[in-house]
Amino acid sequence: MANTTPSTNKIESKVNGQLKRMKMLVKEPYLLALIIIIFLSLFVFSVYPIYQVFKITVINDEGFLDFSLILETFSSSFFLKTLWNSIQLGIMSAIFGTIIGFIFAYAVTRTEMKGKKFFKLVALLPIISPPFVIALSVILLFGRNGIITNGLFGFEDSNVYGLRSLVFIQTLGFFPIAYLNLKGVLEAIDSSVEDAALNLGASRWKVFSTITLPLAVPGILSSLLLVFIKAIEDFGNPMVIAGEYQTLAVQAYLQITGMYDLRAGSFYAVALLLPSLTAYFIQKYWISKKSYVTVTGKPTQARMKINEKHIVLPLFIFCGLITGAVMLIYGTVLWGAFVKVWGVDNTLTFDNFKYTFTLGFDSVKNSLLLSALSTPITALLGMIIAFLIIRKQFIGKKIMEASSMLAFAVPGTVIGIGYILAFNQKPLLLTGTAMILIIAFTFRNITVGIEAGTNSLRQVDPSIEEASTNLGASSFTTFRKISLPLMKSALFSGLVYSFVRSMTSISAVIFLISVNWNLLTVTILSQVEDASLGAAAAYCIILIVIILIVIGLLEFFVNYLTSSKRRNFR
């Protein structure tokens, strides 16, 4: 009896707490209605499509359980080879991308190396560009008519397609993810620990190998998993340059569009989902919690930056080579946009841009319009969900948080196939419409806004909002007048991320486009497949310019609002 009483009390306390929360919500019917609508939306547009992908792989056309497809596919050497190819590609890209990202982050945060601002700026270029820009540039440089292979060395049978090119492209394209992640980790390590070791006579190598590197291990593991996820779910680069090296994301697409086999395509997508989802949740709930960061809250002196030439010079050369490679890639695409026929007639011309602005401009307008419509919805909905998760108590809060991450965590190929299966018949007939693309953009990109919003709200004392509530303001008024202004920077981070991702995404939307609603990234891919490399390069330049202009406008808007706020305080 004595053993059961505490647990019984605990259960009663929990039940009473839940009842109390329900009573509080009933007093605010609008808030309760909002929570219900968000739950329904997340279920319909995040959970239900993924369920449909799983369902079609185990339910046959007659509606019965049928595992024959799974058994048949798993006994296929082609499938096993494709599965191994994706994992192999992910592992190699993750290792190389994380090594480069770590060296870049270490050089930027620990040394007095010159040109750090420039290196940081160039390192971000792959993030704001379409996923297959690097693949296009590699073809322009090293393909049969490549400027280096054919133009410089005279090779006529250069084969640029395959694993080596893919690893190079994905490493260069995804190392910024590792760099940004590890930069934050290295900056968070208390400098006094390393400085104390130096003052006690330890060498730079000893400090690095016994303090800096061990403290950065969780960040390194996290970066490995993040790059691994991005690499195995990547669709654009393998589609352009994999050649005969098959990957799961491309095979899922080809099974549906080439073989018209929706079940087989769905199973390839599920096979892609399992390793990426496992890696995501390990990173999210295990490694990200294992922080060895040494911030104590005590005042610390400025970090003693490394200035020894024998350390700084090799790091400078390494960062310079990587930056040079990135600039060569994007410079080649820029040049390719102004060349008549790459490798055949290198006369400079505006014909490629004339074509994109006349015959092929609809896809540019569609991408811009749909991204502009989905971006504010995504950012605002992200802030609302963040507010509910951090500031409100209600039943199912953890479920709301987990389901909001689902569409972000799963590969775009799975989302695209799931949306076809889920919204292809009444009453949810959305395929072929602009609405399905806006919804896909919104629910796929909402997670970053939620993360930014929750991190922002955690730094704000809840007593400010409690004072508003105690003075009689409703939850909506408190959110609009107190919480949302405090989340301003997070709101605009969500806006920028949502816009960039909407403009550059392809893996999900390639299943959802229609004759009326074709998108820019899909048009670029079509141009590459048709060997119209000049037009593809022109589209890429237009896309990058649009993104840079919008980021600049948003940054100006944020700075303007921030300065207005300061003036008001004065």
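Residues numbered from 1 in each chain as written. Predicted model: local features only at pLDDT ≥ 70, side-chain atom pairs only at ≥ 80, totals over all residues. Heavy atoms only, no water.

A. Region of interest: the nonpolar core. Counting 171 residues, the largest nonpolar core has Phe175, Phe235, Ile241, Leu388 and Tyr419 as its most contacted members. The leading source of residues in this core is helix α24 (residues 533-569), at 14 residues. The contacts of Phe175, once residues within four sequence positions are left out, are Gly97, Ile100, Gly101, Phe104, Ala123, Gln170, Ile322 and Val326. (Core = buried A, V, L, I, M, F, W, Y, C linked by side-chain atoms within 4.5 Å. Buried < 20%, exposed > 50% of the residue type's maximum accessible area, 1.4 Å probe, protein only. Helix = DSSP H or I, 4+ residues; strand = E, 2+ residues; numbered from the N terminus. Contact = heavy atoms within 4.5 Å.)

B. Looking closely at the pattern of salt bridges. In total, this model carries seven salt bridges according to the counting rule given. The residue Glu187 makes a salt bridge to Lys183 at a minimum N-O spacing of 3.4 Å. One end of the pair, Glu187, and the other, Lys183, are both in helix α8 (residues 163-188), four residues apart, so they sit about a helical turn from each other. Between Lys230 and Glu233 there is a salt bridge; the shortest N-O distance is 3.8 Å. Highlighted residues: Lys230 and Glu233, both in helix α10 (residues 204-233), separated by three residues, approximately one helical turn. When salt bridges that share partners are traced, they join Lys230, Glu233 and Arg444 into one network. (Salt bridge = Lys/Arg side-chain N within 4 Å of Asp/Glu carboxyl O.)

C. Molecular detail of helix α21 (residues 475-486). Every buried residue belonging to α21 is among Ser475, Thr478, Phe479, Ser483 and Leu484, and all of these are buried. Across the axial projection of α21, the buried residues extend over an arc of 145 degrees, all falling on one side. Those residues of α21 that are exposed and aimed more than 90 degrees away from the buried face are Arg480 and Lys481. (Arc of directions from axis to C-beta.)

D. Local environment of the packing of helix α16 (residues 362-391) against α21. The contact between α16 and α21 brings their axes to 12 Å, and the two run at 110 degrees. Between α16 and α21, the angle is such that the two are roughly perpendicular. Here Leu380, Met383, Ile384 and Phe387 of α16 lie close against α21, whose contacting residues are Ser475, Phe479, Ser483 and Leu484. Of the residues assigned to the contact of α16 with α21, the class counts are six nonpolar, two polar and no charged. (Axes fitted to C-alpha atoms, helices over the stretch in contact; angles between N-to-C directions. Parallel < 35°, antiparallel > 145°, perpendicular 65-115°, else oblique. Nonpolar A, V, L, I, M, F, W, Y, C, P; charged D, E, K, R; others polar.)

E. View of the packing of helix α2 (residues 29-58) against helix α18 (residues 412-422). Where α2 meets α18, the axes come as close as 8 Å, and the angle between the chain directions of the two elements is 85 degrees. Of the possible angle classes, the one that applies to α2 and α18 is roughly perpendicular. For the pair formed by α2 and α18, the contact residues are Phe45, Tyr48, Pro49, Ile50, Gln52, Val53 and Ile56 on the first element and Val414, Ile415, Ile417, Gly418, Tyr419, Leu421 and Ala422 on the second. Here the contact of α2 with α18 is composed, by residue class, of 12 nonpolar, two polar and no charged.

F. Representation of a nonpolar patch on the surface. A contiguous nonpolar surface patch, about 470 Å² in accessible area, is contributed by Trp84, Ile91, Ile95, Phe96 and Ile99. As for its position among the elements, Phe96 is in helix α4 (residues 77-110). (Patch = residues over 30% accessible without salt bridge, like charges linked within 9 Å, V, L, I, M, F, W, Y side chains within 5 Å. Areas by Shrake-Rupley, 256 points an atom, 1.4 Å probe, with all protein chains shown as cover.)

Keep in mind these values describe shape, not function.
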